[in-house]
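Overview (structure and organization)
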Amino acid sequence: MKTALITGVSTKIGLGYEIAKQLGQEGFHVIIAARKFEQADSIAAELNTQGIKASAVCIDLLDRASITEAVKKVKRDHQTLDVLINNAALMLDGSATAFEKNLDEFNIEFETNVTGTWAVTQYFYPLIVASGHGRIVNVSSGAGSYGDLDFGIINFPGPALNMMGDYPLTPYAITKLALNGLTVKMSKDFRRDNVLVNAICPGFTATRPGLAAYGARPVSESAKGIVWAATLADNGPTGQFFRDGKPLPW
Ligand SMILES: NC(=O)c1ccc[n+]([C@@H]2O[C@H](COP(=O)([O-])OP(=O)(O)OC[C@H]3O[C@@H](n4cnc5c(N)ncnc54)[C@H](OP(=O)(O)O)[C@@H]3O)[C@@H](O)[C@H]2O)c1
């Protein structure tokens, strides 16, 4: 049975839960990761009740020891890992301008979204290679794109978010811009091991109460493009940026 590990699955309203559910429905054994083990465990149990094979690990992107322990557990239980979904991310104060932003706070976001994602990928890499056809999905955002007309670095705030006011998302956008660059570099290094890695923007998604009123779409729609990237054929794309299976400008 193929395995997929999804980071940042701490609630049932986040994208991580829906990604796990959809991959589980496609026949994967899903490994639910959250920084609090009890949350991951309870979500895995909930998925089990739906007939999905699921288990839990504790992964805090800022705690390398937790990643090491999770790798040991996955290796012991499954030997290999077919799919890694780097879904976990942190967004702190998105309203601060470049002048106002507290840079110590920005460093925590960068350490989580970029270095932490990189660490999880490095630590699991031997298990991913061992699967023979690894897939890595870095859940990114149009906020880190130069060409995204609604949410991108140049055009933001676009029409879809005007109702939320002037919300520049500068630090988060910079972390996702860096994640996109990392995706390209990883894809070049990992190609020789038949590992495909892509950055996927889920689109503006209702993962918080009230967001749907601002045009955010349901998680069920947004997760599809992530599941698509997780299940690409061996000759599928790598080192690219997509939303809903369609290329997104960098
Ligand atoms: N929702 C959108 O409109 C949208 C748009 C574009 C991209 N995205 C991306 O989609 C992904 C999922 O976001 P979401 O909207 O579903 O939000 P979410 O529910 O807040 O999911 C983020 C997850 O990351 C976890 N996390 C934060 N810091 C962590 C750490 N140090 N170690 C491990 N886990 C950590 C959170 O755990 P805790 O509960 O413990 O904090 C949470 O489970 C993110 O990468 C986000 O950037 C979302």
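Above this note sits the structure.
Below you will find a few notes about this structure. All residue numbers refer to position in the chain's written sequence, counted from 1. Thresholds applied to this predicted model are a pLDDT of at least 70 for local features of residues and 80 or more for the giving and counting of side-chain atom pairs; totals over whole chains, interfaces and linings are not thresholded and use all residues. Based on all heavy atoms of the structure, the side-chain values leave hydrogens and waters out of the count.

1. What to know about the packing of aromatic side chains
Here the aromatic set is Phe, Tyr and Trp, taking the six-membered ring for Trp, and pairing holds for ring centres within 6.5 Å; pairs whose planes are under 30 degrees apart are stacked, those over 60 apart are edge-to-face, and all others are tilted. The full count for this structure, using the stated rule, is five aromatic pairs. Each ring, one from W228 and one from F242, has its centre 4.9 Å from the other, and the planes form 80°; the classification is edge-to-face. In this pair, W228 sits in helix α6 (residues 219–230) while F242 sits in strand β7 (residues 241–243), placing the two residues 14 residues apart along the sequence. Relative accessibility thresholds used throughout: buried, under 20% of the residue-type maximum; exposed, over 50%; partly exposed, between the two (1.4 Å probe, protein chains only). We classify F242 as buried; its relative accessible area is 4%. Where F241 meets W250, the ring centres are 5.4 Å apart and the plane angle is 20°; that geometry is what we call stacked. The helix count covers DSSP runs of H or I at least four residues long, the strand count covers runs of E at least two residues long, and both are numbered beginning at the N terminus.

2. Details of the pattern of salt bridges
Pairing is possible between side chains of opposite charge, provided their charged atoms come close. In the sections that follow, a salt bridge refers to a side-chain nitrogen of Lys or Arg positioned within 4 Å of a carboxyl oxygen of Asp or Glu. Under the definition given, this model contains ten salt bridges. Between E111 and R64 there is a salt bridge, and its shortest N-O distance comes to 3.3 Å. Of the two residues, E111 is situated in helix α4 (residues 103–130) and R64 in helix α3 (residues 64–78); the sequence distance between them amounts to 47 residues. On the basis of relative accessibility, which here comes to 32%, the residue E111 falls in the partly exposed class. Of the residues examined, R64 reaches a relative accessible area of 33% and is grouped as partly exposed. When salt bridges that share partners are traced, they join K101, E105 and E109 into one network.

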